[in-house]
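Analysis of the macromolecular model
Here's the letter readout for the chains.
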Amino acid sequence: MKGRIVYIEELKKHVGEEVEIRGWVYNKRSSGKVRFVIIRDGTGFLQCVMVKSNLADEVFELYDELSLETSVIVKGKAREDRRAPGGVELELQDLKIMGKSVNFPIPKVREDNIPDVGVLLPIRHLWLRTRKQWALMRIRHTVEKAIHDFFDKNGFIRIDAPILTPSACEGTTTLFETDYFGEKAYLTQSGQLYMEAACMAHGRVYCFGPTFRAEKSKTRRHLMEFWMVEPEIAYAELPDIMENAERFVSYIVERVLEERKEELKTLERDISKLEHVSPPFPKISYTEAVEILKKKGFKFEWGEDFGGDEETAISEEFDKPVIVHRYPAKIKAFYMKRDPQNPELALCMDMLAPEGYGEIIGGGQREDSLEELEKRFDEYDLPKEAYEWYLDLRRYGTVPHAGYGLGIERTIAWISGIKHVREAIPFPRLLEKIYP
RNA sequence: UCCCCGGUAGCUCAAUCGGUAGAGCACCUGGCUGUUAACCAGGGGGUUGGGGGUUCGAGACCCUCCCGGGGAGCCA
């Protein structure tokens, strides 16, 4: 076969030319002697037209073998046509079947016939080929790219945190344990403590990578393995990172709206809910949040932590992400700096996404005093020996510093408007599920 | 670990008071020279998750086990 090899996304530039497209059969329709084959190649979808009178019989007959997901190389002339989805179609001249596909297990997607997740999850490797999952992965790519661009433009250095760690970062959640040459080691649940070290070397740093929680959580907001981005800034205090976080999230949303309009449309996302996401975000204290809950009839005592329902109720009050700051220190991690105005409070903040997507950011100002931190180790009953390196950061030129972590999958789920975070990651690791 | 919902054709779901298991999609056969989730006509396809019980009779009611889902706790 001749013809320039092109991708569907650039086909508009080749109208009138003979081109070759390499992809997979997405769907087909026939009207007898005019047949339509929809091909996808990873960059888009293309309608190919097979006209009996214009094709060799043996090519025209190949239509019968084009079951869903058959891989094909097609050659034809690109032309504009209003009747073609996307406005451009290929008048087919030749077709070669590369690999057959018999009884592809995911049926053509109709609104009333979407297989259950119990069916789809074990075939995630094939599920990824479907239109919505394809759109989601492209949005994920843009979210990740935007993250790196934002921090790069703002003078941050990317520092990779270790995956294998000698001890818990926060000491609370259950970790995955592994054997490290006879020693116990754990899969990281946060790169934060390492970023605190790195920001004392580089000023502004961030890490980006997977984190692991062995919690028995089985909800639409939880994965055992998820990705997190964690910036940390030396000489920053709580207001600085609240401001940074709202600019950061706004930038991500803006980039997705710019670059992934089509994908959001495929997902039927109401983008009017994203268009006004820009700084400043509403900022309320924990105490004010508790008042909102009480006004809404929740049975809630000051001092408790918010559950899923509470978070949803609070975020419902606002049309963009809301920052809740200064939680009771007791329900927060040991490294949080206490509020000098009220030592019962921690200088921390969470960002709650709208529409019930929950907490997408958690962070705060870190305790920078050696004496205070040592006291905290006793209070939280943590082994000081394991954290000597962390205490060193306070022994050698300590400064105020602050940072936060943003959950990638929750952010993608919110922006995309999907129900469950498991669709925001290519191969989700779920409770007691690690296949494929 | 606990609570709630569910399991019927390959997929999504029906099945009235307990009375002969059905539809759409997929698949197969035929038709159609512009289809848009194509359409039209026909066809094959079921130990109703397993076991036990009640009953003249159970997909449905009872007991029990298994599997799936999402919620609590915990968290991004």
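Along each chain, residues carry numbers from 1 onward, in the same order as the chain's sequence is written. The naming scheme follows written order: chains are lettered A onward, ligands numbered 1 onward. Only residues with pLDDT of at least 70 get local features here, since the model is predicted, and only at 80 or more are side-chain atom pairs given and counted; chain-wide, interface and lining totals rely on the full set of residues. With hydrogens and water set aside, each side-chain value is computed from the structure's full complement of heavy atoms.

Details of a nonpolar patch on the surface
Rules: Nonpolar side chains (Val, Leu, Ile, Met, Phe, Trp, Tyr) are joined into patches within 5 Å and like charges within 9 Å, using only residues with over 30% relative accessible area and no salt bridge. All accessibility values rest on the Shrake-Rupley procedure with a 1.4 Å probe; residue burial counts only the protein chains present in the view. The salt bridge definition used is simple: a Lys or Arg side-chain nitrogen within 4 Å of an Asp or Glu carboxyl oxygen. Only runs of H or I of at least four residues qualify as helices and only runs of E of at least two qualify as strands under DSSP, and these elements are numbered from the N terminus.
Residues Ile163, Leu164, Tyr180 and Phe181 make up a contiguous nonpolar surface patch of about 440 Å² in total accessible area. Within the element layout of this structure, Leu164 appears in strand E8 (residues 164-165).

Describing the packing of helix H5 (residues 192-202) against helix H12 (residues 388-395)
To keep it simple, the criterion reads: Every angle, taken between N-to-C directions, lies between 0 and 180 degrees, and every axis is a line fitted to C-alpha atoms, over only the stretch in contact when it is a helix. Left-handed is the label given to a crossing in which the near helix is rotated counterclockwise from the far helix by less than a right angle, and right-handed is the label when the rotation is clockwise. Any two residues whose heavy atoms approach within 4.5 Å are treated as being in contact.
In the contact formed by H5 and H12, the axes pass within 10 Å of each other and the chain directions differ by 35 degrees. H5 and H12 meet at a crossing whose hand is left-handed. Listed contacts from H12 to Gln192, Leu193, Tyr194, Glu196 and Ala197 of H5 are Trp389, Tyr390, Leu393 and Arg394.

A few points about the nonpolar core
A general tendency of soluble globular proteins is for nonpolar side chains to be buried together. For the record, the criterion: Nonpolar core, defined: a set of buried Ala, Val, Leu, Ile, Met, Phe, Trp, Tyr and Cys residues in which side-chain atoms within 4.5 Å join the residues together. Burial classes: relative accessible area under 20% of the type maximum marks a residue as buried, over 50% as exposed, and values in between as partly exposed (1.4 Å probe, protein chains only).
If you look at the biggest cluster of nonpolar residues, it comprises 65 residues, and the most contacted ones within it are Ile147, Phe151, Val229, Phe248, Met349, Trp414 and Ile415. The element best represented in this core is helix H6 (residues 238-259), accounting for 11 residues. One finds Val290, Ala346, Leu352 and Leu382 within the second-largest nonpolar core, a separate group that totals 30 residues.

Points about a negative patch on the surface
Counted only if it meets this: Just so you know, the count uses Lys and Arg for positive and Asp and Glu for negative, and it drops His and the chain ends. A charged residue contributes its charge at one atom only: NZ of Lys, CZ of Arg, CG of Asp or CD of Glu.
Together, Glu58, Glu61, Asp64 and Glu65 give the surface a local cluster of negative charge. Topologically, Glu58 is positioned in helix H1 (residues 57-61).

Quick word on the pairing of strand E10 (residues 183-187)
The following threshold applies: For two strands to be treated as a pair, DSSP must find no fewer than two bridges joining them.
The pairing of E8 with E10 spans 2 bridges and is antiparallel. Its bridge partner being in E10, Thr165 is matched across the sheet by Tyr186. Direction of pairing for strand E9 (residues 177-180) relative to E10: antiparallel, over a ladder of 4 bridges. Pairing of Asp179 across the sheet is with Lys184, part of E10. The loop that links E9 with its antiparallel partner E10 comprises 2 residues; one of these, Phe181, has a positive phi angle of about 50 degrees.

Here we look at the packing of aromatic side chains
As a reminder, the rule being used: Two rings from Phe, Tyr or Trp (for Trp, the six-membered ring) form a pair when their centres sit within 6.5 Å of each other. Planes less than 30 degrees apart are called stacked, planes more than 60 degrees apart edge-to-face, and all others tilted.
On inspection of all chains with the given rule, the structure shows 24 aromatic pairs. Centre to centre, the rings of Phe150 and Phe248 are 5.1 Å apart; their planes meet at 45 degrees, and the pair counts as tilted. Residue Phe150 is located in helix H4 (residues 131-153), and its partner Phe248 is located in helix H6; the two are separated by 98 residues in the primary sequence. Aromatic side chains Phe150 and Tyr251 sit 5.8 Å apart centroid to centroid with 45 degrees between the ring planes, which places their arrangement in the tilted category.

Things to note about H4
Counted only if it meets this: Each helix should span, by expectation, one fewer than its residue count multiplied by 1.5 Å.
Over its 23 residues, H4 runs 33 Å from end to end, which matches the ideal 33 Å to within 8%, given 1.5 Å per residue. Directly after H4, the chain includes Gly155, whose backbone phi takes a positive value near 80 degrees.

Here's the deal with the protein's contact with RNA strand B
As a reminder of what qualifies: By convention in this text, a residue qualifies as near a molecule or strand provided that one of its non-hydrogen atoms is within 4 Å of it. We define a polar contact as two N or O atoms separated by no more than 3.5 Å, with the added condition that, inside protein, one atom must be a possible hydrogen donor and the other a possible acceptor, whereas residues neighbouring each other in sequence contribute only through side-chain atom pairs.
Taken together, 49 residues lie around RNA strand B, and Asn27, Ser30, Arg220, Glu359 and Arg410 are the ones closest in. In RNA strand B, the atoms that sit within 4 Å of the protein are 46% sugar and phosphate, with bases accounting for the remainder. A distance of 2.8 Å is found between a base oxygen of RNA strand B and a side-chain nitrogen or oxygen belonging to Ser217. Interatomic distance of 2.2 Å between a side-chain N/O atom of Arg410 and a sugar or linking oxygen of RNA strand B.

Details of the domain arrangement of chain A
The condition is simple: Where a domain begins and ends is set by an automatic assignment or by a domain database. What gets called buried area is simply the loss in accessible area from a 1.4 Å probe that two parts show on being joined, summed for both. Each residue is assigned to one of three groups, with Ala, Val, Leu, Ile, Met, Phe, Trp, Tyr, Cys and Pro labelled nonpolar, Asp, Glu, Lys and Arg labelled charged, and all others, Gly among them, labelled polar.
Per the domain assignment, the segments of chain A are domain 1 (4-99) and domain 2 (124-424). Facing 9 residues of domain 1, the contacting portion of domain 2 comprises 4 residues. Summing the contributions of domain 1 and of domain 2, the shared interface buries around 590 Å²; its carbon and sulfur component is 48%. Taking the shortest distance from any N to any O, the salt bridge between Glu69 and Arg129 comes out at 3.0 Å. In the side of domain 1 that touches domain 2, the residues fall into 3 nonpolar, 3 polar and 3 charged.

Observations regarding the environment of Pro210
As for its placement among the helices and strands, Pro210 is situated in strand E11 (residues 204-212). The class of Pro210 is buried, set by a relative accessible area of 18%. Not counting residues within four places of it along the chain, the set of residues in contact with Pro210 comprises Ile163, Thr188, Phe226 and Trp227.

A look at the sheet that holds strand E14 (residues 322-325)
One open sheet accounts for 8 strands, arranged E7-E11-E12-E19-E18-E17-E14-E13; its pairing is mixed. Every interior strand has two partners, whereas the edge strands, strand E7 (157-158) and strand E13 (283-285), have only one. Examined bridge by bridge, E7 and E11 share 2 bridges and lie parallel to one another. In the strand pairing of E11, Ile157 is matched with Val205. Strands E7, E11, strand E12 (225-234) and strand E19 (401-407) of the sheet are contacted by H4, whose axis makes an angle of about 150 degrees with E11.

Focus on helix H11 (residues 370-379)
To keep things clear, this is the line we draw: In this description, one arc is meant: the one made by directions from the helix axis to the C-beta atoms.
Turning to H11, its buried residues are Leu370, Leu373, Arg376 and Phe377. Buried residues along H11 cover an arc of 120 degrees about the axis, so they all sit on one side. Set apart from the buried face of H11 by more than 90 degrees, the exposed residues are Glu371, Asp378 and Glu379. Sitting at the head of H11, Ser369 places a side-chain oxygen 3.4 Å from the backbone nitrogen of Glu371. Of the residues trailing H11, Asp381 is marked for its positive phi of about 55 degrees.

Concerning the packing of H11 against H12
Helix-helix packing: each pair is described by the crossing angle between the helix axes and the interaxial distance. Using the following cut-off: Oblique is the label for any angle not covered by the other classes, which are roughly parallel (under 35 degrees), roughly antiparallel (over 145) and roughly perpendicular (65 to 115).
Orientation of H11 relative to H12, taken along the N-to-C sense of each, is 155 degrees, at an axis distance of 9 Å. By the angle between their axes, H11 is roughly antiparallel relative to H12. Where H11 approaches H12, its residues Leu370, Leu373, Glu374 and Phe377 are matched on the opposing element by Tyr390, Leu391, Arg394 and Arg395. A breakdown of the residues in the contact of H11 with H12 according to their chemical character gives 5 nonpolar, no polar and 3 charged.

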